[in-house]
Amino acid sequence: KITATAKSITFPLCIKALKSDKNDFILKSFLFFYSNLFLYIFILYKGSKTQRIKHDKIRDMNRIKAFFNELHQLQTFAELEYFLWPDKISVLSFITLAFLMISPLYVLVHILAPINNDPFTLLLNNMTRIDEWVTLLIQVGSIGLILGFVSLLHFLISSKKSFRKLILEYKEISFLSLFILWATLSSLLNKDLSFIWMGAMVRQEGLYAYLMYAGIFALALLIHYKKHILFLFKLQISVASILVLLSLVNIESINTFLNINALSSVFFNQNHFAYYLAISSSISSHLYLEEKKIFYLISFSILVLGLCLNGSFGPFLALVVSFSLYIVFLYKFKKERKQEILIIYGVFVVVVLITNLFTHSFLNDLLRLGHDVNDIVNVSENAGSAGSARWQLWQNALKFISQKPLLGYGIDNLGQAYAKVKLAMDRPHNEFLQFAASMGLPALVFYLSALGSIFIKWVKQIQSASLYKIALFFIALTYVISSFFGNTMIYTFPYYVVILALLIKALTSTDENG
């Protein structure tokens with residue numbers, strides 16, 4: 001009955017959008033994607049076991065029907081523009097990103113481990129899980145591309161400034177757009193097209209993924225309300241805390257049933273889990289300072305503990321550096337929050353020290369880092385194994401860049417290049433080298449130009465910046481530092497993309513809170 005009711009609303013809308021000659025392409029695309037999206041939300045919502053009174057159900061049903069009826073009457077892009085802007089498009093972007101924030105839990109419960117635990121079956125289950133991540137990325141990113149394109153047209157039509165002035169005013173977005181365009185160009189002109197679109201089987205981060213990242217970036221830009229942004233942050237740290245608690249419990253039967261382990265959780269590698277935890281830890285620290293609630297302090301301590309026990313040194317070092325700088329800046333520019341600043345930094349120090357007393361991981365990693373630096377400086381025979389063999393990956397990545405400096409080897413196509421030098425790796429474990437080697441030096445220049453432009457704009461505003469703007473900068477910095485030792489992944493990079501978009505919007509906003 002629920003499905004039939006939903007179909008009676010959405011299917012005629014789809015048919016009209018696809019058949020009508022009056023509707024333009026943008027309107028057709030919007031109606032097609034969102035009628036299906038709202039069909040899914042409608043079924044979940046009406047099929048839930050929430051005990052709501054009958055009057056509320058009738059009211060909510062009427063609101064949903066009214067929304068679709070209004071959509072049903074739209075004939076032109078101008079009508080669609082008026083209907084969406086700005087509140088509805090902000091809410092739609094918020095709903096879509098909320099789905100992204102809970103995606104780790106969705107994947108966790110959606111693909112459970114099979115009863116038969118032989119190696120082949122487990123491998124098949126892992127391949128199914130990466131397909132789930134790919135599907136989620138495409139769903140969220142595609143919606144973002146549609147809304148982003150509609151919004152861009154609205155912006156260009158309604159803006160009274162020249163195109164040149166808009167590019168100069170929004171330099172960061174311009175540079176990132178050039179980055180995506182160059183990635184597309186280098187992919188299309190690359191001789192080896194075998195991995196270009198979907199990428200290698202293991203990571204599946206081809207050209208499509210970067211287009212989806214652009215869609216996610218657009219979704220974050222289109223959210224107009226700070227309460228929605230903070231809610232997304234709360235969703236992310238809640239999901240991350242649940243994953244860490246499951247890792248801390250570490251019961252074999254539960255791990256087998258959920259197909260997870262204590263170090264990597266729902267991700268495929270402990271480093272990937274660490275990237276996610278580093279960003280989530282930074283977000284939880286901001287939420288505590290913003291709202292002063294004990295829940296966020298507890299969440300922060302859980303996430304830092306999970307990161308310490310994870311054992312991935314790069315993301316942990318990134319959090320130590322960025323969080324320490326964050327505290328210093330807050331202590332200087334936000335002295336009215338002195339008490340909360342001291343409390344959260346004290347919790348951070350205590351968790352790190354206590355964890356290190358039992359594991360000695362941080363101290364061991366620092367000592368190993370010192371030995372690695374010494375081997376590199378002295379050109380030792382062991383230098384190639386420095387940084388868990390990252391040094392030789394970086395050296396070869398520089399050779400790959402020199403061989404194809406303009407277009408690179410192609411997105412997610414470095415595995416063959418590394419195989420030729422007898423290294424069983426497909427990434428240099430450094431995102432900057434990864435971009436240059438796979439897409440060409442121009443792609444790296446565009447990306448660095450965007451980051452440099454953001455930094456300059458942030459420095460100019462630091463004296464009067466709100467807590468929100470300061471926090472966004474250091475959350476982004478956490479990921480940027482960790483990217484010197486890591487790779488982009490379809491289930492971790494989107495969270496950084498969201499933060500980057502929010503930071504750019506905050507810095508260009510006339511509102512004091514961004």
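Keep in mind that what you see is a predicted model, and the values were worked out from it rather than measured.

Participant: Provide a residue-level description of the overall build of the protein chain, including the pertinent values.
Facilitator: Looking only at helices and strands, the protein chain features 23 helices and zero strands. Within the protein chain, the fraction of its 514 residues that count as buried is 52%. A separation threshold of at least 6 residues defines the contact pool for the protein chain, and within that pool the share at least 24 residues apart is 77%. Total accessible area computed for the protein chain in this model is approximately 24300 Å², and 67% of it derives from carbon and sulfur atoms.

Participant: Can you lay out the packing of helix H9 (residues 171-188) against helix H23 (residues 493-508) for me, pointing to particular residues and giving the numbers?
Facilitator: Relative orientation of the contacting elements H9 and H23 amounts to 150°, with a least axis distance of 10 Å. Considering the angle they form, H9 stands roughly antiparallel to H23. Residues Glu-172, Ile-173 and Leu-176 of H9 lie in contact with H23, whose contacting residues are Leu-500, Ile-504 and Thr-508. Residues belonging to the contact of H9 with H23 are distributed by class as follows: four nonpolar, one polar and one charged.

Participant: Can you lay out the confidence of the model for the protein chain for me, pointing to particular residues and giving the numbers?
Facilitator: Across the protein chain, the average pLDDT comes to 81, with 76% of residues at or above 70. Here residues 39-54 scores under 50 on pLDDT; set against residues more than four positions off or in separate chains, the count is 25 contacts.

Participant: Kindly report on a nonpolar patch on the surface, identifying the contributing residues and their values.
Facilitator: Side chains of Phe-149, Leu-152, Phe-155, Leu-156, Phe-163 and Ile-167 sit close together on the surface and give an oily, nonpolar patch of about 540 Å² of accessible area. Listed by contribution, the elements that provide at least two residues to the nonpolar patch are helix H7 (119-158) and helix H8 (163-169). Top element by residues in the nonpolar patch is H7. It accounts for four residues.

Participant: Now, about unusual backbone geometry: what can you tell me, with residues and values included?
Facilitator: Positive phi is not limited to glycine here, since Gln-204 has a value of about 50°. Inspection of the secondary structure puts Gln-204 in the loop between H9 and helix H10 (207-221).

Participant: With reference to specific residues and values, describe the nonpolar core.
Facilitator: Counting 132 residues, the largest nonpolar core has Leu-97, Phe-179, Phe-233, Tyr-276, Tyr-326, Ile-490 and Tyr-496 as its most contacted members. The element contributing the most residues to this core is H23, with 13 residues. Setting aside anything within four residues of it in sequence, one finds Leu-97 in contact with Ile-216, Leu-219, Ala-220, Ile-223, Leu-232 and Val-498.

Participant: I'd like a description of the pattern of salt bridges, backed by residues and values.
Facilitator: All chains considered together, the criterion is met by eight salt bridges. Arg-427 is paired through a salt bridge with Glu-205; the nearest N and O atoms lie 2.7 Å apart. In this pair, Arg-427 sits in the loop between helix H19 (414-420) and helix H20 (431-439) while Glu-205 sits in the loop between H9 and H10, placing the two residues 222 residues apart along the sequence. Glu-205 sits in the buried class, given a relative accessible area of 1%. Among the salt bridges present, the one from Lys-292 reaches Glu-340, with a minimum N-O distance of 3.9 Å. You can see Lys-292 sitting in the loop between helix H13 (270-291) and helix H14 (294-310) and its partner Glu-340 sitting in helix H16 (residues 338-359), a full 48 residues away along the chain. Accessibility expressed as a relative area gives 47% for Lys-292, which makes it partly exposed. Within this structure, Glu-205, Asp-412 and Arg-427 form a network of salt bridges that share partners.

Participant: An account of helix H15 (residues 313-333) is requested, with residue identities and associated values reported.
Facilitator: An α-helix turns once every 3.6 residues. As a result, residues three or four positions apart point the same way. Helix length check: H15, at 21 residues, gives a terminal C-alpha distance of 30 Å against a target of 30 Å (1.5 Å per residue), a fit within 8%. Buried residues of H15: Phe-313, Gly-314, Pro-315, Phe-316, Ala-318, Leu-319, Val-320, Ser-322, Phe-323, Tyr-326, Ile-327 and Leu-330, and no others.

Participant: Run through the packing of aromatic side chains, naming residues and quoting values.
Facilitator: One pass over the full model with this rule turns up 40 aromatic pairs. Both rings, one in Tyr-210 and one in Tyr-213, keep their centres 5.4 Å apart while their planes meet at 75°; by these two values the pair is edge-to-face. One end of the pair is Tyr-210 and the other is Tyr-213, both in helix H10 and three residues apart, which spans about a single turn. We note that Tyr-210, like Tyr-213, is buried. Centroid distance Phe-300 to Phe-323: 5.3 Å. Interplanar angle 35°. Geometry classified as tilted. You can see Phe-300 sitting in helix H14 and its partner Phe-323 sitting in helix H15, a full 23 residues away along the chain. Ring-pair connections join several aromatic residues into one group, and the members of that group are Phe-300, Phe-323, Tyr-326, Phe-329, Phe-333, Tyr-345, Phe-348, Phe-455, Trp-458, Phe-473 and Phe-474. The ring of Tyr-409 carries Lys-404 above its face, with NZ or CZ at 4.5 Å from the centroid.

Participant: Quick rundown of the environment of Tyr-345? Include the residues and the values.
Facilitator: With respect to the element layout, Tyr-345 can be found in helix H16. Its relative accessible area of 30% is what places Tyr-345 among the partly exposed residues. A C-alpha to C-alpha distance of 8.5 Å links Tyr-345 and Phe-323, two positions 22 residues apart in sequence. Contact partners of Tyr-345, with chain neighbours within four places excluded, come to Phe-323, Ser-324 and Ile-327.

Participant: Residue-level account of H9, with values.
Facilitator: The end-to-end C-alpha separation of H9 is 26 Å, in line with the 26 Å expected for 18 residues at 1.5 Å each. Those residues of H9 hidden inside the fold are in contact with H8, H10, H20, helix H21 (441-461) and H23.

Participant: Run through the side chain of Ser-241, naming residues and quoting values.
Facilitator: Here Ser-241 lies in helix H11 (residues 226-249). Apart from residues lying up to four places away in sequence, Ser-241 is in contact with Ser-299, Ile-302 and Leu-303.

Participant: Can you lay out the packing of helix H5 (residues 87-101) against H11 for me, pointing to particular residues and giving the numbers?
Facilitator: At a closest axis distance of 9 Å, the pairing of H5 and H11 adopts a crossing angle of 10°. If you check the angle between H5 and H11, you find them roughly parallel. Residue-level contacts link Ser-90, Val-91, Phe-94, Leu-97, Ala-98 and Met-101 of H5 to His-228, Phe-231, Leu-232, Leu-235, Gln-236 and Val-239 of H11. The residue makeup of the contact of H5 with H11, split by class, is nine nonpolar, three polar and no charged.

Analysis parameters
Residues numbered from 1 in each chain as written. Predicted model: local features only at pLDDT ≥ 70, side-chain atom pairs only at ≥ 80, totals over all residues. Heavy atoms only, no water. Helix = DSSP H or I, 4+ residues; strand = E, 2+ residues; numbered from the N terminus. Buried < 20%, exposed > 50% of the residue type's maximum accessible area, 1.4 Å probe, protein only. Contact = heavy atoms within 4.5 Å. Areas by Shrake-Rupley, 256 points an atom, 1.4 Å probe, with all protein chains shown as cover. Axes fitted to C-alpha atoms, helices over the stretch in contact; angles between N-to-C directions. Parallel < 35°, antiparallel > 145°, perpendicular 65-115°, else oblique. Nonpolar A, V, L, I, M, F, W, Y, C, P; charged D, E, K, R; others polar. pLDDT = per-residue confidence, 0-100. Patch = residues over 30% accessible without salt bridge, like charges linked within 9 Å, V, L, I, M, F, W, Y side chains within 5 Å. Salt bridge = Lys/Arg side-chain N within 4 Å of Asp/Glu carboxyl O. Core = buried A, V, L, I, M, F, W, Y, C linked by side-chain atoms within 4.5 Å. Expected span 1.5 Å × (residues − 1). Phe/Tyr/Trp six-rings, centres within 6.5 Å; stacked < 30°, edge-to-face > 60°. Lys NZ or Arg CZ within 6 Å of the ring centre and 35° of its normal.

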